[in-house]
Amino acid sequence: MTQHLKMDQPDKRHRFDDMAQGVIGKAVDRPEGALKVTGGAHYANEFQPEGLCHGVLVRATIASGTVTKLHKAEIEALPGVLAVIDDNRLLRNPAQGTANEAPVQGSQTVAYFGQPIALIVAEQFEQATHAAKQLRIDYDESEAATDPSVESLDTEKPDAQQLSQGDLDQAMQSAYRSVDVHYTTPPHNSAAMEPHASIAQWHGEQLTLHGSYQMLNYNRNELADSLGMDAENVRILSPYVGGGFGSKLGIAPEAVAASIAAQQLMRPVSVVLSRPQVFEATMRRSETQQHFQLAADKTGQLIGIGHAARVSNLPDEAFSEPVTQGTHFLYAAENRRIEHEMVRVNRTCAGSVRAPGEAVGVTALENAMDELAEALNMDPVELRKRNIPTKHPETGQPFSSHKLMNALERGSELFGWSKRTAQPATQREGDWLIGLGMASAARVNILMEAKAQVTLLPDGTATVETDMTDIGTGSYAIFGQIAAELLGLPMSKVTVKLGDTALPAGAGSGGSWGASSCGSAVFLACEDIRQQLAERLGCSDQILVLKEGIAHIGEQSVAINEVLAGDTFTALGHIEPGKTSEDVQQATFGAFFAEVGVNAVTGETRVRRMLGVFAAGRILNPKTARSQCLGGMTFGIGMALTEEIVHDPRDGHIVNHDLGEYHLPVNADVPQLEVELLEELDDWTNPMQAKGIGELGICGAGAAITNAIYNATGIRVRDYPATLDKLLDGLSSHHA
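Structural notes, computed from the coordinates. (Residues numbered from 1 in each chain as written. Predicted model: local features only at pLDDT ≥ 70, side-chain atom pairs only at ≥ 80, totals over all residues. Heavy atoms only, no water.)

**Digging into the overall build of the protein chain**
When helices and strands are tallied, the protein chain shows 18 helices and 29 strands. What you see for the protein chain is a C-alpha radius of gyration of 27 Å, in line with the 27 Å of a compact globule of 736 residues. Seen through its C-alpha atoms, the protein chain measures out along the principal axes to roughly 80 × 75 × 50 Å. Each of the 736 residues in the protein chain was classed as buried or not, and the buried ones make up 61%. A separation of at least 24 residues holds for 82% of the contacts in the protein chain among residues at least 6 apart in sequence. Of the roughly 26600 Å² of accessible surface on the protein chain, 47% is carried by carbon and sulfur atoms. (Helix = DSSP H or I, 4+ residues; strand = E, 2+ residues; numbered from the N terminus. Rg over C-alpha atoms; globule rule 2.2 N^0.38 Å. Buried < 20%, exposed > 50% of the residue type's maximum accessible area, 1.4 Å probe, protein only. Contact = heavy atoms within 4.5 Å. Areas by Shrake-Rupley, 256 points an atom, 1.4 Å probe, with all protein chains shown as cover.)

**Looking at the sheet that holds strand 23 (residues 545-547)**
What the three strands build is an open sheet, ordered 23-24-25; its pairing is antiparallel. The open sheet has two free edges, formed respectively by strand 23 and strand 25 (556-559), since each of these has just one partner strand. This sheet shows a mean twist of 25° between the axes of neighbouring strands, independent of strand direction. Here strand 23 pairs with strand 24 (residues 550-553) via three bridges, running antiparallel. Across the sheet, the residue bridging to Lys547 is Ile550, located in strand 24. (Pairing = 2+ DSSP bridges. Axes fitted to C-alpha atoms, helices over the stretch in contact; angles between N-to-C directions.)

**Describing the environment of Gln453**
Position of Gln453 among the secondary structure elements: in strand 20 (residues 450-456). Relative accessible area serves as the criterion here: at 24%, Gln453 is assigned to the partly exposed category. Separated by 268 residues in the primary sequence, Gln453 and Pro721 have C-alpha atoms spaced 45 Å apart. Discounting chain neighbours no more than four positions away, the residues touching Gln453 are Thr463, Val464, Glu465, Pro504, Thr570, Ala571 and Leu572.

**Quick look at the side chain of Asn707**
Relative to the helices and strands, Asn707 resides in helix 17 (residues 701-713). Polar contacts involving the side chain of Asn707 include one to the main-chain carbonyl oxygen of Met438, which spans 3.1 Å. In contact with Asn707, other than residues within four places in its own chain, are Glu366, Asn367, Asp370, Arg384, Leu436, Gly437, Met438 and Arg716. (Polar contact = N/O pair within 3.5 Å; in protein donor to acceptor, adjacent residues only side chain to side chain.)

**Regarding the pattern of salt bridges**
Following the criterion strictly, the structure yields 41 salt bridges and no others. For Arg284, the salt bridge goes to Glu287, with nearest N and O atoms at 3.0 Å. Here Arg284 matches Glu287 in class, with each residue buried. Here the salt bridges do not stand alone but share partners, grouping Asp11, Arg13, Arg15, Glu527, Arg530 and Asp541 into one network. (Salt bridge = Lys/Arg side-chain N within 4 Å of Asp/Glu carboxyl O.)

**So, helix 17**
Taking 1.5 Å per residue as the helical rise, helix 17 with its 13 residues ought to reach 18 Å, and the 19 Å between its terminal C-alpha atoms agrees with that figure. Along helix 17, 13 of the 13 residues are buried, which leaves the element largely enclosed by surrounding structure. Remark: Gly714 follows helix 17 within two positions and exhibits a positive phi of approximately 80°. (Expected span 1.5 Å × (residues − 1).)

**Here's the deal with the packing of helix 16 (residues 622-641) against helix 17**
Between helix 16 and helix 17, the shortest axis-to-axis distance is 7 Å and the interhelical angle comes to 50°. On the basis of their axis angle, the class for helix 16 and helix 17 is oblique. The two elements helix 16 and helix 17 cross, and the hand of that crossing is right-handed. Contact with helix 16, carried on its side by Met633, Gly636, Ile637, Ala640 and Leu641, involves Ala701, Gly702, Ile705, Thr706 and Ile709 of helix 17 and no other residues of that element. (Parallel < 35°, antiparallel > 145°, perpendicular 65-115°, else oblique. Left-handed = near helix turned anticlockwise from the far one by under 90°.)

**Topic: the packing of aromatic side chains**
In this structure the tally under the stated criterion is 11 aromatic pairs. Considering the side-chain rings of Phe279 and Tyr662, the 5.2 Å spacing of their centres and the 70° angle between planes classify their relative orientation as edge-to-face. Of this pair, Phe279 sits in helix 7 (residues 275-281) while Tyr662 is found in the loop between helix 16 and strand 29 (673-677), placing the two residues 383 residues apart along the sequence. By relative accessible area, which is 0% here, Tyr662 ends up buried. Within the aromatic cluster, the residues linked to one another by ring pairs are Tyr43, Tyr240 and Tyr476. Over the face of the ring belonging to Tyr176 we find Arg177, whose NZ or CZ atom lies 4.2 Å from the ring centre. Above the plane of the ring of Phe415 lies Arg609, whose end atom (NZ or CZ) is 3.8 Å from the centre. (Phe/Tyr/Trp six-rings, centres within 6.5 Å; stacked < 30°, edge-to-face > 60°. Lys NZ or Arg CZ within 6 Å of the ring centre and 35° of its normal.)

**Looking at the pairing of strand 12 (residues 206-211)**
Of all six residues in strand 12, five are buried; the element is thus mostly enclosed. Across six bridges, strand 11 (residues 197-203) lies against strand 12 in antiparallel orientation. The partner of Trp202 across the bridge, within strand 12, is Leu207. Sheet topology places strand 12 next to strand 13 (residues 234-237); four bridges connect them, and they run parallel. Each bridged residue has a counterpart across the sheet, and for Leu209 the counterpart in strand 13 is Ile236. Chirality of the crossover, the property in question, places the unit of strand 12, helix 5 (residues 216-227) and strand 13 among those that are right-handed. (Right-handed = clockwise from strand over helix to strand, strands pointing away.)

**Comments concerning the environment of Ile338**
Locating Ile338 in the fold gives a position in strand 17 (residues 335-344). Separated by 70 residues in the primary sequence, Ile338 and Leu408 place their C-alpha atoms 26 Å from one another. With residues up to four places along the chain from it excluded, the contact list for Ile338 reads Gln161, Gln162, Leu163, His307, Thr324, Thr327, His328 and Glu394.

Without other data, these values stay purely geometric and don't point to any function.
Next up, the structure:
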């Protein structure tokens, strides 16, 4: 049976509140946790099929041009080498209408330094690595455009991302106080712990790929399109993914290369990207150039907001970092101008990195708001509170729910914001200048189509199945909790199967929609099974109480396995977005507060404490939700202080293409972070009243830190990250 729901109306039933098992909203451990810490959870490259051979990608050493010759013969003669493959499908254009963000260029036309152009396959990984380094390539090189700050290959202004309401120029002129400032953020890498890896194996016309991917429902179609085959003949397995952060949303070159090689050799082929290859051949977050114009009256009410952004990508790529996404709805102002430019450059493909848009856009906006608060001589929290809109400032849509005020007030209370000294550079402990900063958090909320199957077995156990992935976010735990709650079973009696395209098509892990979308599909399937149980018991679902494997109807109680009487109940849950995604503005909100110390001698910044307060609908599992927020805030620390991809201006190659030089925050950089989750139920989102939370913890986090740096030093860093070289000159007056 299929339980289908299109979200055209808010769901006000709040069914979880009527359940008896009591596992929703509880801090339940991840059921797969023991497997992960003992090595029992097998990741993409840990499978060892018989006859496995190894492929290593060869990548371009120019930024623009064409490959005229590969000197294959001398490589094919090397020990262990099985093939030199330069199939143009390595980076073939994906199918239209998919969620793919992989590069669209073919292997013969070079569009960026590091682009895969061939694959060397050998018996041993070391042999393939050696051969890949020896392959000589002839190019017809052309001039490259590597600087996105100038008019490069092309500059576009997408109509969908432009907006003008009122008269911003007049608002700036008539304002009591205004700011007109520019901020820049550098490119970022997802830097997931597990590198991109695939093992491909063919059985006749059937392709099986063990890969590290986030969106299997789409990845299957992308891989099939790249290979020119029917998607029904492709199976992708990704039961465990060691992080993705957007870099594994679309099929990457290693999956296509492994599949081509395995078909050609009729042997299973493994292709694993080295860390430099992950940096140079998958995707980056685009750098941004952002221009803010904020105008306010004497009361601190915004009368004008202007936000112009410039980003970059390769030629022909559709993705454009949605920098201004949060600016559209975060603050009210009658006069508004939003502008977006995309420059075409010869740099690695730009795509989604965790919280695309708001991660960099809200962060810089919150810096500009801090500057406006100072110009007004107003507390930064108060300025934000005065400008919270009651409806969408541009469309007039109501908000499905809105907890920014609550987050700001609760955060101020917990953090002790009232003790902040407004005057910069006045608090000192020895060589350390101390400062406090804050920022709002905001992120759009999205529901995606998803399916999940739930089976209640004769022994009273249940199985949940969907191709949804778990990239470290807690999917195994949450889906098990949903089924356990609605079916009245202990968590130990629910098995969750994920990451296999042979299972019903889920929403995938991306956009913070996984738990709410696939979770809703599980919810619907369980509702159907409850109906089946109620019908067999001759009662309505509304009076049926299920707990600890027992069905209760008034004074009557019977074990669920006895109700089943040897039968198996199965249901497919299917949810789709509907009018609730159009009629209201759905978003999540929060607030960050940070204390930093900046060494007056060395310029080193240390985050001393940090608090995040978040509202994201019903919290299904506080432990996994808190973990996501901690990760997001850590990401924010990296954005603020250390992370940036550095491109060589001569040919666009990435200078710091490994974790030795791309500086992620380590344990010493991250203090004891605090997270507060606010109570919220949003009937417009889905039947569970839940929202996405994974990316909210990033959106604005870095701004709280850089605003704190200003409060500590009086130095405003507008070029992220705030490395010590950007502070030292201004700190000279503090050396005494």
